[in-house]
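Letter by letter, the chains look like this.
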Amino acid sequence: MYDVVLLTLSSERDAPGGCGSGGACCGGATGTDTAVKGADAGTATDAGTDPGGTPGDADRCATDRPRVPVLACADALTARGARVQTVTARSDAEIDAVLAQLDGPARPDGLTWPDSDGKTRLVVATASDAQLRAVLRRLVRRYAPPPSRRPADLRGDRTLPDLPPVAVLPLDPARGGTHRDLAAQLGLPRDPAAVAAAVLDGTPRRLDLLRNDGGSVTLDGALLGAADDAGRPLHWRARVEVDDSILTDGDEPLLACAIGNAGGYASLDDVTLLAAPDPADGQVEVAVAVPVVVRSALGRKRVRLEVRRARGRAVSVLPREGKVPYLDDGVEGELTRKRSWWIEPGAWAVWVV
């Protein structure tokens, strides 16, 4: 029978050494676009992987006490004979201690690798997509080898091995509106008993992962741009490239840029940005919204919104002036320098029935 770890992230955002930057276990960050050195000296910690982000509100984070869905899921797993461990992580180190249970046998090259035949399964209880991303970010940090130690058995189109599958236990009911969380987009169960069944009886559904050169990861997508206090979109400029295609060279104003692995940022108000984002097709879809002035037959000027799209393996955004606000898996940030995202096909997985 399986050992199952039910992992919840703490709401102790301001405690020293909390998980995520500024102690933001819900996946937020504080500070600037500059990576911050922390416990892992010389590399970008999670404080630097969500540059300029803002910690989520208390109601977006889990409390230190197991919530009712967690207890119900634990009961359902125990009733099926699983050995259940419930953990509330208050720091990156405590997340890492849980993830260490997913390690495989020692390798001759000394790399830490996930156990493909392991009997320990992980359930991540999430109050937001940012919490799930916080755990995946630590998985990537644990198992991605440095370029200088790339092993021969690593897929040629990837920089990391297959990450261990995780089960997602949403702590909040599905919300209405245009923005749906990742669990809803993927059609994952929200009922604790159904989540338990997926863990014990399901199979892994492999999904693409976006990594970026700031050290973070993206599961759903990112939306760049902002609006003023009246809700009017603000113009900004940036060079946006997808593989060898240039969507904009940075000389024209933009209203928004969507970078989609899944469909959370496919639309902005009533404007469709991303046509068909697919989290398992090995490509990232990118769109920019450009206001274009056109003249009618009578010579009157009007503004038309032009949406340009491209698909590929990688995207880069180079701001031309000032700071560009963005949301990345629901986490706020500001981009002040070039940022690149690239796709890792099938790198992570969720348990599904």
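Residues numbered from 1 in each chain as written. Predicted model: local features only at pLDDT ≥ 70, side-chain atom pairs only at ≥ 80, totals over all residues. Heavy atoms only, no water.

**Comments concerning the side chain of D329**
Phase 1 of the analysis: One can find D329 in the loop between β16 (324–328) and β17 (331–335).
Phase 2 of the analysis: The buried charged residue D329 lacks any salt bridge partner; its closest oppositely charged side chain belongs to R133, at an N-O distance of 4.1 Å.
Phase 3 of the analysis: Polar side-chain contacts of D329 include one of 2.8 Å to the backbone nitrogen of L219.
Phase 4 of the analysis: With residues up to four places along the chain from it excluded, the contact list for D329 reads D129, A130, R133, V217, T218, L219, D220, G221 and Y265. (Helix = DSSP H or I, 4+ residues; strand = E, 2+ residues; numbered from the N terminus. Buried < 20%, exposed > 50% of the residue type's maximum accessible area, 1.4 Å probe, protein only. Lys, Arg positive; Asp, Glu negative; His and termini not counted. Salt bridge = Lys/Arg side-chain N within 4 Å of Asp/Glu carboxyl O. Polar contact = N/O pair within 3.5 Å; in protein donor to acceptor, adjacent residues only side chain to side chain. Contact = heavy atoms within 4.5 Å.)

**Section: the packing of helix α2 (residues 68–79) against helix α6 (residues 192–201)**
Phase 1 of the analysis: Packing of α2 against α6 leaves a shortest axis separation of 8 Å and a crossing angle of 45°. The angle between α2 and α6 places the two elements in the oblique class. Read as a crossing pair, α2 and α6 show a hand that is right-handed. Facing P69, A72, C73, A76 and L77 of α2, the residues of α6 in contact are P192, A193, V195, A196, V199 and L200.
Phase 2 of the analysis: For the contact of α2 with α6, the per-class residue count stands at eleven nonpolar, no polar and no charged. (Axes fitted to C-alpha atoms, helices over the stretch in contact; angles between N-to-C directions. Parallel < 35°, antiparallel > 145°, perpendicular 65-115°, else oblique. Left-handed = near helix turned anticlockwise from the far one by under 90°. Nonpolar A, V, L, I, M, F, W, Y, C, P; charged D, E, K, R; others polar.)

**Focus on the pattern of salt bridges**
Phase 1 of the analysis: Tallying each qualifying case throughout the model produces 23 salt bridges.
Phase 2 of the analysis: Of the charged contacts, one joins R107 and D153 as a salt bridge, the two residues approaching to 3.1 Å between their closest N and O atoms. Placement of R107 in the loop between α3 (92–99) and β3 (120–126) and of D153 in the loop between α4 (129–143) and β4 (166–170) is noted, with a sequence separation of 46 residues between them.
Phase 3 of the analysis: Across the salt bridge formed by R339 and D213, the nearest N and O atoms sit 2.9 Å from each other. Of the two residues, R339 is situated in strand β18 (residues 339–352) and D213 in the loop between β5 (203–212) and β6 (217–218); the sequence distance between them amounts to 126 residues.
Phase 4 of the analysis: Residue class for R339 comes out buried when judged on its relative accessible area of 3%.
Phase 5 of the analysis: Given the relative accessible area of 46%, D213 is considered partly exposed.
Phase 6 of the analysis: Each of E252, R304, E306 and R308 takes part in a single network of salt bridges with overlapping partners.

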